[in-house]
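Residue-level listing of the chains:
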Amino acid sequence: MLNELLDHNKLWAAKKAEQDAGYFQRLSALQHPDYLWIGCSDSRVPANVITGLEPGEVFVHRNVANLVHRGDLNLLSVLEFAVESLDIQDIIVCGHYGCGGVRAAMDGHRHGIIDHWLQPIRDVADANSSELNAMSGLEEKLDRLCELNIESQVESLARTPIIRSAWKRGKRLKIHGWVYGLNDGLLRDLQCDCCSPAETNTPAVETLSENSGSILNG
Ligand code: CO
């Protein structure tokens, strides 16, 4: 089975080189993607495939249930490199309906370490309990929670010092929230874009340190 993958790769590389002789030379010399994609690890939601993007066109970070944990050095390293070095201006947080991570967060069972990872989803559910409890079907509730989770992760990203510092410097940077339907293969814009610190309630990190200085000085 694994040999099949290697065989496919040889065919793919040969086809690319045949279509465009300088393709791999150009790609190896420079990556200049326009988008950072933060998505779910689910194998059915591959960023390049569903958006029609080629290698080199999207910088990707994926984890279970597309979460932005404030202390996740993996995600923060990707984010900083995307913003500071690749100069990416559009960040897409993409979740999907039927997300197993969202379901596992809410099924009341103990799964292991993943339960800690999924805690932000339960927090989002708690914060939106009146809306979710008013819905009758379980699938409908979980799908709505998928949307609410994406919106919440957009907000979490907007609060990171990396993003807030970039905005403070006047950098154009927009965070988008999208949801993908496994049933129809379509992406939907949740219209929860965030493009300036005015849309969050906390001051930029530089302001925080100025303030804490004045507090320390009495
Ligand atoms: Co998922």
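To keep things clear, this report deals only with the structure shown in the data block. Because the structure is predicted, anything quoted here is derived from the model rather than measured.

As a further point, take the coordination of the cobalt ion. Bound to the cobalt ion are the protein donor atoms Cys 40 (SG), His 96 (NE2) and Cys 99 (SG), situated 2.0 to 2.3 Å from the metal. Sequence spacing of the donors to the cobalt ion: C-x55-H-x2-C. Taken together, the positions of Cys 40 in strand β1 (residues 35-40) and His 96 in strand β3 (residues 90-96) put the pair 56 residues apart, joining distant regions of the chain. Accessibility expressed as a relative area gives 1% for His 96, which makes it buried.

What follows concerns the pattern of salt bridges. One side chain can pair with another of opposite charge once the charged atoms of both are near each other. Throughout the structure, instances matching the rule amount to 13 salt bridges. Ionic pairing is found between Lys 174 and Asp 193, a salt bridge with its closest N-O pair at 3.8 Å. Of this pair, Lys 174 sits in strand β4 (residues 174-180) while Asp 193 sits in the loop between β5 (187-189) and α11 (205-216), and the two are 19 residues apart along the sequence. Classification of Lys 174 as partly exposed rests on a relative accessible area of 26%. Overlapping salt bridges bring together Glu 131, Arg 144 and Glu 147 as one network.

Below, the discussion takes up the pairing of β1. Within a regular strand, side chains alternate between the sheet's two faces. Across the six residues of β1, five count as buried, placing the element largely inside the fold. Here six bridges tie β1 to strand β2 (residues 58-63), and the two strands are oriented parallel to one another. Each bridged residue has a counterpart across the sheet, and for Leu 36 the counterpart in β2 is Phe 59. Alignment of β1 against β3, held across five bridges, turns out to be parallel.

Thresholds, definitions, all that
Residues numbered from 1 in each chain as written. Predicted model: local features only at pLDDT ≥ 70, side-chain atom pairs only at ≥ 80, totals over all residues. Heavy atoms only, no water. Donors = N, O, S within 2.8 Å, 3.2 Å for Na, K, Ca; no water. Helix = DSSP H or I, 4+ residues; strand = E, 2+ residues; numbered from the N terminus. Buried < 20%, exposed > 50% of the residue type's maximum accessible area, 1.4 Å probe, protein only. Salt bridge = Lys/Arg side-chain N within 4 Å of Asp/Glu carboxyl O. Pairing = 2+ DSSP bridges.

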